[in-house]
Amino acid sequence: VSSNADFAQDPVVGWLVVIAGPGLGAFRPIFEGNNTVGRAKGQRVALDFGDDTISAEEQAYIRYDSAERGFLFVPNLAKTNIVSLNGKRPTAAVPLAAMDVIGMGRTQLVFVPFCGPEFDWAELGEKST
């Protein structure tokens, strides 16, 4: 985003919605750039619902690149905690698509994008100039 000063906070680019496990029905926002995903409150995407099988810090990363208008799911291979995407265990960065299911510990999350090919926050800046 070219003019962060206009936003009251980092603008949301998508969400993770808990569909199974502790925190069922809850959601967490995803922001532009690199999002750390883990159990600790300090994570950009804090899955702090009581599932202690999720790593406290950086079990995975979700990246949103506004230039490419795409999302990537990046497992942290240094962690012993397994993550899955649509039932598979990725060993490298993989593109995220709407309604993909991410598994971490006993928790399952659905990915819901807001930004992408149809919209990006940068468009607002382009229209107002």
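Right above here is the structure, for reference.
Attention in this report is confined to the structure presented alongside it.

Cut-offs applied
- Residue positions are given per chain, counting from 1 as you read along its sequence in written order.
- This being a predicted model, a pLDDT of at least 70 is required before a residue's local features are given, and a value of 80 or more before pairs of side-chain atoms are given or counted; all residues contribute to the totals for chains, interfaces and linings.
- Based on all heavy atoms of the structure, the side-chain values leave hydrogens and waters out of the count.
- Going along the chain from the N terminus, every DSSP run of H or I of four or more residues is numbered as a helix, and every run of E of two or more is numbered as a strand.
- The globule rule is 2.2 Å times the number of residues to the power 0.38, and the radius of gyration it is compared with is taken over C-alpha atoms.
- Three labels apply to residues, based on accessible area from a 1.4 Å probe with only protein chains included: buried if under 20% of the type maximum, exposed if over 50%, partly exposed otherwise in between.
- Any two residues having at least one pair of non-hydrogen atoms within 4.5 Å are treated as being in contact.
- Aromatic contacts are taken between Phe, Tyr and Trp rings whose centres are within 6.5 Å, Trp giving its six-membered ring; a plane angle under 30 degrees counts as stacked, one over 60 as edge-to-face, and the others as tilted.
- Note: two strands are recorded as paired if DSSP finds a minimum of 2 bridges between them.
- Within this scheme, the nonpolar core is defined by two criteria: the residues are buried Ala, Val, Leu, Ile, Met, Phe, Trp, Tyr or Cys, and they are joined through side-chain atoms within 4.5 Å.

**Details of the overall build of the protein**
Secondary structure assignment for the protein yields one helix and ten strands. N-terminal to C-terminal, the α/β element order of the protein is β-β-β-β-β-β-β-β-β-β-α. Here the C-alpha radius of gyration of the protein, 15 Å, is about what a compact globule of 129 residues would show, namely 14 Å. In terms of principal-axis extent, the alpha carbons of the protein reach across some 50 × 25 × 25 Å. A burial count over the protein gives 36% of its 129 residues as buried. Considering only contacts in the protein between residues 6 or more positions apart, those separated by 24 or more positions represent 41%.

**Digging into the packing of aromatic side chains**
Tallied over the full model, the rule gives seven aromatic pairs. When the ring of F119 is compared with that of W121, the centres are 5.3 Å apart and the planes differ by 75 degrees; the resulting orientation is edge-to-face. Neither F119 nor W121 differs from the other in exposure class; each is buried. Within the aromatic cluster, the residues linked to one another by ring pairs are F7, W15, F114, F119 and W121.

**Side note on the pairing of strand β5 (residues 60-65)**
For strand β3 (residues 33-38) and β5, the ladder comprises five bridges, and the chain directions are antiparallel. Paired with N35 across the two strands is I62, which belongs to β5. As judged from the six bridges shared by β5 and strand β6 (residues 70-75), these two strands associate in the antiparallel manner. When the bridges of β6 are listed, Y64 appears paired with F71. Here β5 folds back onto β6 in antiparallel fashion, the turn holding four residues, of which R69 has a positive phi close to 55 degrees.

**Points about the sheet that holds strand β4 (residues 45-46)**
In a beta sheet, neighbouring strands pair by backbone hydrogen bonds and run either parallel or antiparallel. The strand order β4-β3-β5-β6-β8 describes an open sheet built from five strands, whose pairing is mixed. The sheet is open, and its two edges are formed by β4 and β8 (94-96), each paired on a single side.

**Side note on the nonpolar core**
Among the nonpolar cores identified, the biggest contains 23 residues, and L16, I62, F71, F73, L96, I102 and M104 are the most heavily contacted of them. Residue contacts for L16: discarding those within four places in its chain leaves A26, F27, R28, I30, V45, I62, I102, L109, V110 and F111.

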